[in-house]
There are 2 protein chains.
Amino acid sequence: MPEFFFDHKLYYTPIEFALEHIGGTWKMPILWRLQQKTLRYGELKKDIPHITHKMLASQLRELEEKGMITREAFAVVPPRVEYTITDKGRKAIPVIETIMKYGYEMMKEAGIEYPKR
Amino acid sequence: MPEFFFDHKLYYTPIEFALEHIGGTWKMPILWRLQQKTLRYGELKKDIPHITHKMLASQLRELEEKGMITREAFAVVPPRVEYTITDKGRKAIPVIETIMKYGYEMMKEAGIEYPKR
DNA sequence: CTGCATCCCCTGCGATACTG
DNA sequence: CAGTATCGCAGGGGATGCAG
């Protein structure tokens with residue numbers, strides 16, 4: 001488990017560095033939606049239950065900065081902004097899938113019924 | 001992405017539930033060490049660079065509560081306490097491995113040399 | 001519709017010190 | 001050697017309001 005600096009921040013393990021890209025409550029759910037198709041801000045907002053305006057906006061910005069997604073704004077009124085997953089972002093999909101499956105497994109062990117979608 | 005209550009806490013996605021078990025800065029590094037063999041508190045402390053006494057103790061307690069590890073205390077002086085991964089804990093290992101590999105991949109993309117451990 | 005700023009709370013985590 | 005308690009800070013994240 002190496003340790004290193006990146007972008008003025010100290011990381012102790014590759015795990016930490018990985019979670020910098022997909023960690024937090026919302027980054028994985030966002031990437032998960034975008035793997036299927038490009039979505040508008042409002043579509044993401046509707047698709048992801050309980051996410052607040054602030055969190056969606058800030059997480060999208062962070063994902064864009066890290067090159068996980070791209071942002072395309074259209075000069076129309078009302079504004080239309082589309083978010084698309086990048087190749088780099090797609091590399092996270094299998095990881096997210098693994099974590100989700102693990103989550104479902106733990107839910108099952110805990111006796112939590114799969115809410116039907 | 002279902003939503004449910006468990007243990008007085010609201011979860012929005014299986015991802016959140018998964019991270020409840022292996023999330024945070026230290027749970028994965030701890031489980032990673034224990035997959036090989038049972039370790040004493042002090043051994044873990046030495047093996048995991050930069051972890052503080054407080055965090056190691058608290059994370060061990062949380063992992064124990066979730067049934068990921070077991071704790072065995074020996075009635076000797078000085079005290080001797082050993083931690084062992086459980087079958088449930090072992091289920092997290094492939095997930096951790098996936099995340100670590102992803103972390104290394106991201107490090108490579110970011111131009112970070114593998115510190116030669 | 002989308003983005004950005006503000007205020008505020010709560011939690012994770014570090015530092016330190018005391019105990020058996 | 002291992003555990004617990006206290007203090008304090010920084011950052012994640014919610015609620016709300018304003019702007020183009």
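As annotated in an unreviewed UniProt entry, chain A is Helix-turn-helix transcriptional regulator from Chitinophaga solisilvae.

**Q** Quick one: what's the story with the overall build of chain A, residue by residue and with numbers?
**A** Scanning chain A from terminus to terminus reveals six helices and five strands. Listing every helix and strand of chain A by position from the N terminus yields β-β-α-α-β-α-α-β-β-α-α. Its C-alpha atoms put chain A at 50 × 45 × 25 Å along the principal axes. The 117 residues of chain A split such that 43% are buried. A separation threshold of at least 6 residues defines the contact pool for chain A, and within that pool the share at least 24 residues apart is 40%. Accessible surface, chain A as shown: approximately 6,500 Å² in total, 52% of it carbon and sulfur. Treating the 19 positive side-chain charges of chain A as one cloud and the 16 negative ones as another, the clouds have centres 6 Å apart.

**Q** Can you break down the sheet that holds strand E5 (residues 80-85) of chain A residue by residue, with the values?
**A** A sheet is described by the order of its strands in space; here three strands give the open sequence E3-E5-E4 (chain A), paired in antiparallel fashion. Edge positions in the sheet fall to strand E3 (39-40) and strand E4 (69-74) of chain A, since each of these pairs with one other strand and no more.

**Q** Which residues make up the protein's contact with DNA strand D, and what values do they have?
**A** With respect to spatial proximity, 19 residues lie near DNA strand D, and among them Lys54(A), Met55(A), Gly42(B), His53(B) and Arg71(B) are the closest. Within 4 Å of the protein, the contacting atoms of DNA strand D are drawn from sugar and phosphate to the extent of 55%. Between DNA strand D and His53(B), the relevant distance is 2.5 Å, taken from a base nitrogen to a side-chain nitrogen or oxygen of the residue. Within the side chain of Tyr83(B), a nitrogen or oxygen atom sits 2.8 Å from a phosphate oxygen of DNA strand D. Elements with a contribution of two residues or more to the surface near DNA strand D: helix H4 (53-65) of chain A together with helix H3 (41-47), helix H4 (53-65) and strand E5 (80-85) of chain B.

**Q** Can you break down the protein's contact with DNA strand C residue by residue, with the values?
**A** Close contacts around DNA strand C come from 18 residues, with Gly42(A), His53(A), Arg71(A), Lys54(B) and Met55(B) the closest. Here the atoms of DNA strand C within 4 Å of the protein split so that 60% fall in sugar or phosphate, with bases taking the remainder. At a separation of 2.7 Å, a phosphate oxygen of DNA strand C approaches a polar backbone atom of Gly42(A). Between Thr52(B) and DNA strand C, the recorded distance is 3.4 Å, taken from a side-chain N or O atom to a phosphate oxygen.

**Q** Can you tell me about the side chain of Thr13(A), naming the residues and giving the values?
**A** The topology assignment puts Thr13(A) in the loop between strand E2 (9-11) and helix H1 (14-22). Of the polar contacts made by the side chain of Thr13(A), one reaches the backbone nitrogen of Glu16(A); its length is 3.1 Å.

**Q** Which residues make up the sheet that holds strand E3 (residues 39-40) of chain B, and what values do they have?
**A** All names here are of chain B. On the basis of which strands lie adjacent, the open sheet formed by three strands has the order E3-E5-E4 and antiparallel pairing. Two strands lie at the open edges of the sheet, namely E3 and strand E4 (69-74), each paired on one side alone. Both E4 and E5 contribute to a ladder of six bridges, which runs antiparallel. Note on E5: the bridge partner recorded for Arg71 is Tyr83.

**Q** How would you sum up the interface of chain A and chain B? Please name residues and give values.
**A** Each partner contributes to the interface: chain A provides 43 residues, whereas chain B provides 43 residues. Buried surface at the junction of chain A and chain B, summed over both partners, amounts to about 4,100 Å²; 78% is from carbon and sulfur atoms. Put simply, chain A and chain B have two salt bridges between them. Of the charged contacts in the structure, one is a salt bridge between Lys91(B) and Glu109(A), with a shortest N-O distance of 2.6 Å. If you look at where chain A meets chain B, you find four residue pairs in polar contact (both at pLDDT 80 or more). Listing elements by their share of the side of chain A that touches chain B, those giving two or more residues are strand E1 (4-6), H1, helix H2 (27-34) and helix H6 (93-109) of chain A. Among the elements that take part in the side of chain A that touches chain B, H6(A) stands out by supplying twelve residues, more than any other. Within the side of chain A that touches chain B, the residues separate by chemical class into 28 nonpolar, seven polar and eight charged.

What counts, and at which threshold
- Residues numbered from 1 in each chain as written.
- Chains lettered and ligands numbered in written order.
- Predicted model: local features only at pLDDT ≥ 70, side-chain atom pairs only at ≥ 80, totals over all residues.
- Heavy atoms only, no water.
- Helix = DSSP H or I, 4+ residues; strand = E, 2+ residues; numbered from the N terminus.
- Buried < 20%, exposed > 50% of the residue type's maximum accessible area, 1.4 Å probe, protein only.
- Contact = heavy atoms within 4.5 Å.
- Areas by Shrake-Rupley, 256 points an atom, 1.4 Å probe, with all protein chains shown as cover.
- Lys, Arg positive; Asp, Glu negative; His and termini not counted.
- Charge placed at Lys NZ, Arg CZ, Asp CG, Glu CD.
- Pairing = 2+ DSSP bridges.
- Near = heavy atom within 4 Å.
- Polar contact = N/O pair within 3.5 Å; in protein donor to acceptor, adjacent residues only side chain to side chain.
- Buried area = accessible area lost by both parts, 1.4 Å probe.
- Salt bridge = Lys/Arg side-chain N within 4 Å of Asp/Glu carboxyl O.
- Nonpolar A, V, L, I, M, F, W, Y, C, P; charged D, E, K, R; others polar.

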